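# Survey of secondary and tertiary structure
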Amino acid sequence: MRAVKKVIVLLTAVVLGCACLFTVGCGNEELLQKIDSLAGQVGELNDKLETLEKENTSLTEKLGELQTENEELSEKIEDLEAEQENQKFETANLNMIVFDRWPRHGGLRGNRIKFNHVDSEITFECTVQKGTVCISDDYDYSKDVYFKTMTCKPGDEISWTMPNDRDWGYDFIDVLIKKDDRVIGYAVIDIVIWMTYDDVKILTVMGHTPSILSMYAPIYANGEYTWGYGEIMFNKMIEQSKETVAERNKEISEIFRKHYEYYDNQEDN
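Quick summary incoming for the structure in this document. Source: prediction; values computed, not measured. (Residues numbered from 1 in each chain as written. Predicted model: local features only at pLDDT ≥ 70, side-chain atom pairs only at ≥ 80, totals over all residues. Heavy atoms only, no water.)

### Comments concerning helix H4 (residues 246–268)
- With 23 residues, H4 should reach 33 Å at 1.5 Å per residue; the first-to-last C-alpha distance of 33 Å fits that figure.
- Within H4, burial applies to Asn 249, Ile 252, Ile 255, Phe 256, His 259 and Tyr 260.
- Considering only its buried residues, H4 is in contact with strand E8 (170–179), strand E9 (182–197) and strand E10 (202–216). (Helix = DSSP H or I, 4+ residues; strand = E, 2+ residues; numbered from the N terminus. Expected span 1.5 Å × (residues − 1). Buried < 20%, exposed > 50% of the residue type's maximum accessible area, 1.4 Å probe, protein only. Contact = heavy atoms within 4.5 Å.)

### With respect to the nonpolar core
- Counting residues in each nonpolar core, the largest one holds 23 residues, and the members touching the most others are Ile 113, Phe 115, Phe 124, Ile 158, Ile 173 and Val 175.
- Of all elements in the fold, only strand E2 (112–115), strand E3 (122–128), strand E6 (149–152), strand E7 (157–161), E8 and E9 reach the threshold of two or more residues within this core.
- Ignoring anything within four residues of it in the chain, the contact list for Val 175 reads Phe 115, Phe 124, Glu 125, Cys 126, Gly 185, Tyr 186, Ala 187 and Ile 189.
- Val 192, Ile 193, Ile 202 and Phe 234 belong to the second largest nonpolar core, which has 20 residues in total. (Core = buried A, V, L, I, M, F, W, Y, C linked by side-chain atoms within 4.5 Å.)

### A look at the pairing of E10
- Note that E9 and E10 share 12 bridges and pair antiparallel. Its bridge partner being in E10, Val 192 is matched across the sheet by Thr 209. (Pairing = 2+ DSSP bridges.)

### Brief notes about the packing of aromatic side chains
- Applying the stated criterion to the full structure yields nine aromatic pairs.
- Their ring planes at 80 degrees and their centres at 4.8 Å tell us that Trp 168 and Phe 256 sit as a pair that is edge-to-face. Of the two residues, Trp 168 sits in the loop between E7 and E8 while Phe 256 sits in helix H4, which places them 88 residues apart along the sequence.
- When its relative accessible area of 14% is taken as the criterion, Trp 168 is described as buried.
- A relative accessible area of 1% means that Phe 256 is categorised as buried.
- Ring centres of Phe 256 and Tyr 260 lie 6.5 Å apart, and the angle between their planes is 35 degrees; on these two criteria the pair is classed as tilted. (Phe/Tyr/Trp six-rings, centres within 6.5 Å; stacked < 30°, edge-to-face > 60°.)

### Notes on the sheet that holds strand E4 (residues 132–134)
- Here we have five strands laid out as an open sheet, ordered E1-E2-E7-E4-E5, and antiparallel in their pairing. Edge positions in the open sheet fall to strand E1 (97–100) and strand E5 (146–147), since each of these has one partner strand only.

### A few points about the pairing of E9
- By the criterion of burial, E9 is predominantly enclosed, with 12 of the 16 residues buried.
- The pairing of E8 with E9 spans 10 bridges and is antiparallel. For Ile 173, the partnering residue across the bridge sits in E9 and is Ile 189.
- Hairpin remark: E8 followed by E9, antiparallel, with two residues in the connecting loop; positive phi at Asp 180, about 55 degrees.
- Two successive antiparallel strands, E9 and E10, enclose a turn made up of four residues.

### Focus: the environment of Ile 122
- Considering the arrangement of structural elements, one finds Ile 122 in strand E3.
- Take Ile 122: its relative accessible area is 0%, and that puts it in the buried class.
- Setting aside residues no more than four positions away along its own chain, Ile 122 makes contact with His 117, Cys 152, Lys 153, Pro 154, Ile 177, Lys 178, Ile 184 and Tyr 225.

That is the geometry; function is a separate question.
What follows is the structure in structure tokens.
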């Protein structure tokens, strides 16, 4: 734009110079008027060019502002997408361990624990303190295979079976949550009996009820997991959480001791 302006100014100077020489030599008044008109048109053109140059500068500035706004908007979109991804994992953590059919009822397989997560590569390493767990058909119990430890993946569903001894009022399932063989969280499933009793014996047993005693859910941010405290520390946290219900479990064990003592005495008599 500036180069065009310079050319027009130069042409104007040449035209005016030639016109002056020609006029002085010829004295033609009509021609002088035409040259003046041409000079005026060149001036108008020059003004228009200046206006266009200003508009061009303004448009360039606005384009720069729009580019800046676009970059800021792109950053906000990236932040929003990252936040949505994090929220997806937070929601997954809320439904990571789901209980179904507690207490067991009817002919269907009860006492179910289902594991869920959006990350299919996460595993749940389960260890049962007193009872066992199994994966089996709802009706065909002949296929049951019982385990003290079991590694599950998202979508797996297992069933808990109470311990086969005289102290089956409570149980724990320790769950180490892993990714690529590294521990990224844990959960303690607390299973406790639902019963009525008097001073000497248990009156009715309605079943067992589960709950999450404590949990450290996987933390996912910026496209990766925070590896947390490490397996040794997570195991320590698991044991510490169990201590919070130790007195309750002692009371349950005492109820069962009295219960079996009462019936043992009845048999002896």
